[in-house]
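Residue-level listing of the chains:
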Amino acid sequence: MSAASRWPIRLLRGTIVGLLLLFLAFPIVVVCLVSFSSASYLTFPPPAFSFKWYVAYLGNAEWMEATWLSVWIAACVVLLSTTLGTLSAIGITRLPPPLRVLTTGLILSPMIVPVIVLAIGIYYVYSRYGLVGTPIAIVLAHTCLAVPFVVTSVSASLAGIDHRLEQAALSLGATPSGTFWQVTLPLIRPGVLVGALFAFITSFDELVVALFLSGSGAVTLPRRMWDDLLYEINPTIAAISTLTIVLAAVMLVAAHFLRKRTEQLRTV
């Protein structure tokens, strides 16, 4: 088939892909435009553009309290899930194949089981110990949800490492801990950072578990947005959503470059 006869197929293919992307991105575009609306209610298209809803968000003590609580919880989740996920991924690679498959399935189960099922089970357990309504409850629950992302990312990095490097370090007198810090960790660092980014996003944007565990004493930003949608709908929600979208986009771009860094290390 000549190049002249293939261009209609390419044009059709590009048109279909473009329409699909437009369909997927249109709600996000609408939310972003509404966040700059000067109206006092959600309306599209906006009658005029204004930054007043961003100012209203940044100047509201309740919104800021919920935001900083979400940031604090996400930071704790990153620390816990990155540590546990990295050690779990390294441990899994050293297991026999049958046990490796079973262990991996158990660790990744929070990605498979519906979140509402996990939320009900976690609420039932935490309520018996009086943890509901405390930030520590959300930190522990979000860590369970974030660990699988870290394990997946770190395992992908470990798959590209020549384990003879670790054996060489041990044969030259390095301790197991020294081998980890000086050989293994530098090689898998991009995968660890990618897992940490996904752990932060998972915790910061999570709503279902927060609805069950936050109570009135640990209201996260997604929970505060949910309450605002139920009782008071205004473009402040759109402004916060836009900032959250930008944050997630920046982290995804960073994760993309870190993955490219991992691929470059594999080829070295």
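Keep in mind that this is a model prediction, so the values were computed, not measured.

## Some remarks on the overall build of the protein chain
No. 1: On a plain count of helices and strands, the protein chain comes out with 12 helices and 0 strands.
No. 2: Traced from its N-terminal end to its C-terminal end, the protein chain shows the element sequence α-α-α-α-α-α-α-α-α-α-α-α.
No. 3: Principal-axis analysis of the C-alpha atoms gives the protein chain an extent of 70 × 70 × 30 Å.
No. 4: In the protein chain, buried positions account for 37% of the 268 residues.
No. 5: The contacts in the protein chain between residues at least 6 apart in sequence include a share of 71% that link residues at least 24 apart.
No. 6: Summed over all atoms, the accessible surface of the protein chain reaches about 15500 Å², with 73% contributed by carbon and sulfur.
No. 7: For the protein chain, the distance from the average position of its 15 positive side-chain charges to the average position of its 10 negative side-chain charges is 16 Å.

## Overview of the packing of helix α6 (residues 115-128) against helix α7 (residues 135-159)
For any two helices packed against each other, the geometry is given by the interaxial angle and the distance between the axes.
No. 1: Following both chains from N to C, one finds α6 and α7 inclined at 140°, their axes separated by 11 Å at the closest point. Pair α6 / α7 crosses with right-handed handedness. Where α6 approaches α7, its residues L118, I122 and Y126 are matched on the opposing element by A137, L140, A141 and L145.
No. 2: Counted by class, the contact of α6 with α7 contains 7 nonpolar, no polar and no charged residues.

## Focus: a nonpolar patch on the surface
No. 1: A surface patch of nonpolar side chains, about 710 Å² in accessible area, is lined by L19, L22, F26, V29, L33, F44 and F49.
No. 2: With respect to the helices and strands, F49 occurs in the loop between α1 (3-34) and α2 (52-58).

## What to know about the confidence of the model for the protein chain
No. 1: Summary statistics for the protein chain give a mean pLDDT of 81 and a share of 93% for residues scoring 70 or more.
No. 2: Per-element mean pLDDT across the protein chain ranges from 70 in helix α8 (residues 164-171) up to 90 in helix α3 (residues 61-93).

## Some remarks on the packing of aromatic side chains
No. 1: Counted under the stated rule, the structure contains 7 aromatic pairs.
No. 2: Centroid distance F149 to F198: 6.5 Å. Interplanar angle 10°. Geometry classified as stacked. Placement of F149 in helix α7 and of F198 in helix α9 (residues 176-204) is noted, with a sequence separation of 49 residues between them.
No. 3: For F198, a relative accessible area of 24% puts it in the partly exposed group.
No. 4: Grouped by ring-pair contacts, the aromatic residues F36, F51 and Y54 constitute a single cluster.
No. 5: The cationic tip of R224 hangs over the ring face of W63; the distance from NZ or CZ to the ring centre is 4.4 Å.

## Thoughts on the side chain of R223
No. 1: Within the fold, R223 resides in helix α11 (residues 221-231).
No. 2: Polar contacts involving the side chain of R223 include one to the side chain of S214, which spans 2.4 Å.
No. 3: Once residues within four sequence positions are removed from consideration, R223 is found in contact with L207, A210, L211, S214 and G215.

## So, the packing of α3 against α9
No. 1: Running from N to C, α3 and α9 cross one another at 140°; their axes reach a closest spacing of 8 Å. Comparing their axes, α9 and α3 come out oblique. By crossing handedness, the relation of α3 to α9 is classed as right-handed. Contact residues: T67, S70, V71, I73, A74, A75, V77, V78, S81, T82, T86 and I90 in α3; F180, T184, I188, V192, A196, A199, F200, S203 and F204 in α9.
No. 2: Here the residues of the contact of α3 with α9 are counted per class, giving 14 nonpolar, 7 polar and no charged.

Criteria and cut-off values
- Residues numbered from 1 in each chain as written.
- Predicted model: local features only at pLDDT ≥ 70, side-chain atom pairs only at ≥ 80, totals over all residues.
- Heavy atoms only, no water.
- Helix = DSSP H or I, 4+ residues; strand = E, 2+ residues; numbered from the N terminus.
- Buried < 20%, exposed > 50% of the residue type's maximum accessible area, 1.4 Å probe, protein only.
- Contact = heavy atoms within 4.5 Å.
- Areas by Shrake-Rupley, 256 points an atom, 1.4 Å probe, with all protein chains shown as cover.
- Lys, Arg positive; Asp, Glu negative; His and termini not counted.
- Charge placed at Lys NZ, Arg CZ, Asp CG, Glu CD.
- Axes fitted to C-alpha atoms, helices over the stretch in contact; angles between N-to-C directions.
- Left-handed = near helix turned anticlockwise from the far one by under 90°.
- Nonpolar A, V, L, I, M, F, W, Y, C, P; charged D, E, K, R; others polar.
- Patch = residues over 30% accessible without salt bridge, like charges linked within 9 Å, V, L, I, M, F, W, Y side chains within 5 Å.
- Salt bridge = Lys/Arg side-chain N within 4 Å of Asp/Glu carboxyl O.
- pLDDT = per-residue confidence, 0-100.
- Phe/Tyr/Trp six-rings, centres within 6.5 Å; stacked < 30°, edge-to-face > 60°.
- Lys NZ or Arg CZ within 6 Å of the ring centre and 35° of its normal.
- Polar contact = N/O pair within 3.5 Å; in protein donor to acceptor, adjacent residues only side chain to side chain.
- Parallel < 35°, antiparallel > 145°, perpendicular 65-115°, else oblique.

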